[in-house]
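Next come the chains, spelled out residue by residue.
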Amino acid sequence: MALGKWMMAACMAVALASGAQAAPPATSGNPILQGWYADPEAAVFGSRYWIFPTTSAVYEAQTTFDAFSSPDLLHWTKHADVLNAKAVPWARRAMWAPSVVENNSKYYFFFAANDIKTDSELGGIGVAVADRPQGPYKDLLGKPLVGAFHNGAQPIDQFVFKDDDGAWYMIYGGWKHANIVRLKDDFTGVLPLADGTLFKEITPAPEYVEGPLMFKRGGRYYFMWSEGGWGSPDYSVAYAIADAPTGPFKRVGKILQQDEAIATSAGHNSVIQVPGTDRWYIVYHRRPRGDSARDHRVTAIERMQFDPQGHILPVKITHEGVAADPLR
């Protein structure tokens, strides 16, 4: 037995010396979540990555949210039913596009519900709260946080972020209009912005449709959004940069779109910055190649990189996904 082990080790050494390559590192693969999920929100809480997606189904079935967590971007654990319409008395359908943040040791889950078309309907953007990222979440206000149209923006697709000075902002909007509001620190309402407005339109370009997101890098504010129709193959992601969260923003260009050899409808993204580093990932949804079913959307992940001037480099969508990046 000892001789056999020695011979095996010797053969491996000879193989390495002759230039044989070791097996490539494992990657996440795409899609990274099992099931039909869209509009992924990505976050880091503690020692785990989190993804909070929309359940991709007919509107009447969009009444519950699952969450997924991972220590390394490769191995994902499902946390089922973290928020359910039963915990939100005013929500009845079309619960979409989570945005989840930590604030004073509580977790706040922002969502859109009911897909309202007029101000006379009950619905819009709500917020729920829990003691843990995996919930269970319960409605915070008993009513929508934003329940009406302002500046033409449908109250959906909200994204919440905290600026370096501690101020909380929410950007949101469908129907080709985007607004920004400053949130009260307890998320129970909105505060006037520096110019006195409550709902400021910051639509970055005529191509803007929905799915806004904002992050800060190098002292500048990056505004990402989705263009095209969410049910169309040309759904895609573009971005702009400004020196303030309220803009003005000027469209830089498109950085994520379909590759007909891999998948279509690549859009509605979120981003992850690995804490303490300049490593970034983009999380997004897409449609499997050749699949045109309305609700067949899956969640994928890719590396997101920048050029020396701070512009986002075009992202190539892949089947491989990303390598392990354990949180420390």
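Calculation criteria
- Residues numbered from 1 in each chain as written.
- Predicted model: local features only at pLDDT ≥ 70, side-chain atom pairs only at ≥ 80, totals over all residues.
- Heavy atoms only, no water.
- Core = buried A, V, L, I, M, F, W, Y, C linked by side-chain atoms within 4.5 Å.
- Buried < 20%, exposed > 50% of the residue type's maximum accessible area, 1.4 Å probe, protein only.
- Helix = DSSP H or I, 4+ residues; strand = E, 2+ residues; numbered from the N terminus.
- Contact = heavy atoms within 4.5 Å.
- Pairing = 2+ DSSP bridges.
- Phe/Tyr/Trp six-rings, centres within 6.5 Å; stacked < 30°, edge-to-face > 60°.
- Lys NZ or Arg CZ within 6 Å of the ring centre and 35° of its normal.
- Polar contact = N/O pair within 3.5 Å; in protein donor to acceptor, adjacent residues only side chain to side chain.

Draft legend 1. Spatial organisation of the nonpolar core. Counting residues in each nonpolar core, the largest one holds 41 residues, and the members touching the most others are Phe-215, Phe-223, Met-224, Ile-255, Leu-256, Met-304 and Ile-312. Among the elements that make up this core, the one with the highest residue count is strand S16 (residues 236-242) (6 residues). If sequence neighbours within four positions are ignored, Ile-255 has contacts with Met-224, Val-237, Ala-238, Tyr-239, Ile-282, Ile-312, Leu-313, Pro-314 and Val-315. Core analysis: the second largest hydrophobic core is formed by 21 residues, Phe-52, Met-95, Tyr-107 and Tyr-137 among them.

Draft legend 2. Focus on the pairing of S16. Most of S16 sits inside the fold, with 7 of its 7 residues counted as buried. Bridge count between strand S15 (residues 220-227) and S16: 7 bridges; the pairing is antiparallel. Bridged to Ser-226 within S16 is Val-237. The pairing of S16 with strand S17 (residues 250-256) spans 5 bridges and is antiparallel. Following the sheet pairing, Val-237 is matched in S17 by Leu-256.

Draft legend 3. Quick look at the packing of aromatic side chains. All chains considered together, the criterion is met by 23 aromatic pairs. A centroid spacing of 5.7 Å and a plane angle of 15° characterise the contact between Trp-90 and Phe-111, whose relative ring orientation is stacked. Placement of the pair is Trp-90 in the loop between strand S4 (77-84) and strand S5 (96-103) and Phe-111 in strand S6 (residues 106-113), with a sequence separation of 21 residues. Judged by its relative accessible area of 6%, Trp-90 falls in the buried class. Ring plane angle 15° and centroid distance 6.3 Å describe the contact between Tyr-222 and Tyr-239, whose orientation is recorded as stacked. Of this pair, Tyr-222 sits in strand S15 while Tyr-239 sits in strand S16, and the two are 17 residues apart along the sequence. For the pair shown, Tyr-222 and Tyr-239 are each scored as buried. An aromatic cluster is built from Trp-50, Phe-52, Phe-65, Phe-109 and Tyr-137, whose rings are joined through pairwise contacts. Over the ring of Phe-306 we find Arg-217, and its NZ or CZ is 3.9 Å from the ring centre.

Draft legend 4. Spotlight on the environment of Thr-299. As for its position among the elements, Thr-299 is in strand S20 (residues 298-304). Taking the C-alpha atoms as reference, Thr-299 lies 8.2 Å from Pro-53; in sequence the two are 246 residues apart. Among the polar contacts made by the side chain of Thr-299, one reaches the main-chain carbonyl oxygen of Tyr-37 at a distance of 3.4 Å.

Draft legend 5. Seen up close, the environment of Pro-245. In this fold, Pro-245 is placed in the loop between S16 and S17. Note on Pro-245: relative accessible area 8%, which makes it buried. Linking Pro-245 and Tyr-222, residues 23 residues apart in sequence, is a C-alpha distance of 8.5 Å. Look past the residues within four positions of Pro-245 in its chain and what remains in contact with it is Phe-161, Asp-163, Tyr-169, Ile-180, Ile-202, Met-214 and Tyr-221.

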